[in-house]
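Inside the fold
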Amino acid sequence: MTLIEKNQILDEKALNRALTRIAHEIIEKNKGIDNTVLIGIKTRGVYLARRLAKRIEDIEGQSVSVSEIDVTMYRDDVDQEQKQEFNLDTSNSIDIVDKNVVLVDDVLFTGRTVRAALDALVDIGRPQRIQLAVLVDRGHRELPVRADYVGKNVPTSKTEIVSVMLEETDGQDQVIILQKQL
């Protein structure tokens, strides 16, 4: 199978504008950032959460706690043998009990990664509220999951792949759609 770049949906400037808007929306919806923590879903969600935290600090003049979560062992598409090899790393976890948790991910697709993240969070503690921030919502939900904050809604076909590229992992900031060629 070959992947062909179909089009760019966010360039660096548009990606940064989307994150700034999401940061403002998080502040507004939570009436500030007191009692709020950002938790990025590995891998790109972690970098997006850090960027959101920086923007929130620039806007509010107050820092917001950031952590990360690896949902590998909570996924329903990973077999039991793989799960047994995985150890939950809680060394970077922060207290989420009675906090407003904003889960951050790059792309919302079927909802299964978010479901796994919710299961993982419940194992860590009981937050007051959980919200979801995603850079791109591409549709095709298999579970009843909806993002509270969305950078861009992009209708896609199932033969397309939304590829989020970030400076931290890919050397550039952009979001493109790739088309699967059989």
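Residues numbered from 1 in each chain as written. Predicted model: local features only at pLDDT ≥ 70, side-chain atom pairs only at ≥ 80, totals over all residues. Heavy atoms only, no water.

Naming follows an unreviewed UniProt entry, where the protein chain appears as Bifunctional protein PyrR of Desulfuribacillus alkaliarsenatis. Recorded in UniProt under Sequence similarities (unreviewed entry), the annotation for the protein chain is "Belongs to the purine/pyrimidine phosphoribosyltransferase family. PyrR subfamily." Word for word, the UniProt comment on the protein chain under Subunit (unreviewed entry) is "Homodimer and homohexamer; in equilibrium." (UniProt positions renumbered as here; feature names shortened; annotations may be inferred.)

The next point concerns the layout of surface pockets. Considering only enclosed or pocket space, the largest pocket measures out at about 270 Å³ in volume. Considering the residues around the largest pocket, the lining is formed by 14 residues, among which Arg 75, Asp 105, Asp 106, Val 107 and Thr 113 are closest to the centre. Top element by residues in the lining of the largest pocket is strand β4 (residues 100-108). It accounts for 4 residues. When its residues are assigned to classes, the lining of the largest pocket shows 5 nonpolar, 3 polar and 6 charged. (1 Å grid on protein atoms, 1.4 Å probe; cavity = no way out; pocket = protein on both sides within 12 Å on 5 of 7 lines; lining within 4 Å. Points joined across faces, edges and corners; volume = space filled by probe spheres on them. Helix = DSSP H or I, 4+ residues; strand = E, 2+ residues; numbered from the N terminus. Nonpolar A, V, L, I, M, F, W, Y, C, P; charged D, E, K, R; others polar.)

A sheet is described by the order of its strands in space; here 5 strands give the open sequence β3-β2-β4-β5-β6, paired in parallel fashion. Here the strands that pair on one side only, and so sit at the sheet edges, are β3 (65-69) and β6 (149-153). Neighbour-to-neighbour, the strand axes of the sheet open up by a mean angle of 25°, direction not taken into account. Across the sheet, helix α1 (residues 12-29) is in contact with β2 (36-41), β4, β5 (129-137) and β6; its angle to β6 comes to roughly 150°. Seen against the sheet, helix α4 (residues 112-124) touches β2, β3, β4 and β5 and runs at an angle of roughly 155° to β4. (Pairing = 2+ DSSP bridges. Axes fitted to C-alpha atoms, helices over the stretch in contact; angles between N-to-C directions. Contact = heavy atoms within 4.5 Å.)

Bringing the UniProt feature "short sequence motif: PRPP-binding" (unreviewed entry) in the protein chain into the picture now. The UniProt record marks residues 101-113 with the feature "short sequence motif: PRPP-binding" (unreviewed entry), using the residue numbering of this structure. As annotated, residues 101-113 comprises 15% helix and 62% strand, and the C-alpha atoms at either end are separated by 16 Å.

A word on the sheet that holds strand β1 (residues 2-10). The antiparallel open sheet is built from 3 strands, whose spatial order is β1-β8-β7. Across the chains shown, the open sheet's two edge strands, defined by having one partner strand only, are β1 and β7 (160-165). Across the sheet, the mean angle separating the axes of adjacent strands is 30° when strand polarity is ignored. Here β7 pairs with strand β8 (residues 174-181) via 6 bridges, running antiparallel. Bridge pairing in β8 links Val 162 to Ile 177. Against the sheet, α1 engages β1, β7 and β8, with an angle of about 60° to β1.

Enumeration over the complete set of coordinates arrives at 13 salt bridges. For the salt bridge of Glu 68 with Arg 50, the shortest nitrogen-to-oxygen distance reads 3.3 Å. Highlighted residues: Glu 68 in strand β3 and Arg 50 in helix α2 (residues 44-60), separated in sequence by 18 residues. Note on Arg 50: relative accessible area 44%, which makes it partly exposed. Between Lys 54 and Asp 58 there is a salt bridge whose closest N-O contact spans 2.8 Å. Of the two residues, Lys 54 and Asp 58 both sit in helix α2, 4 residues apart, roughly one turn of that helix. In this structure Asp 58 comes out as exposed when scored by relative accessible area, which is 53%. The structure contains a network of salt bridges with shared partners spanning Lys 42, Arg 50 and Glu 68. (Salt bridge = Lys/Arg side-chain N within 4 Å of Asp/Glu carboxyl O. Buried < 20%, exposed > 50% of the residue type's maximum accessible area, 1.4 Å probe, protein only.)

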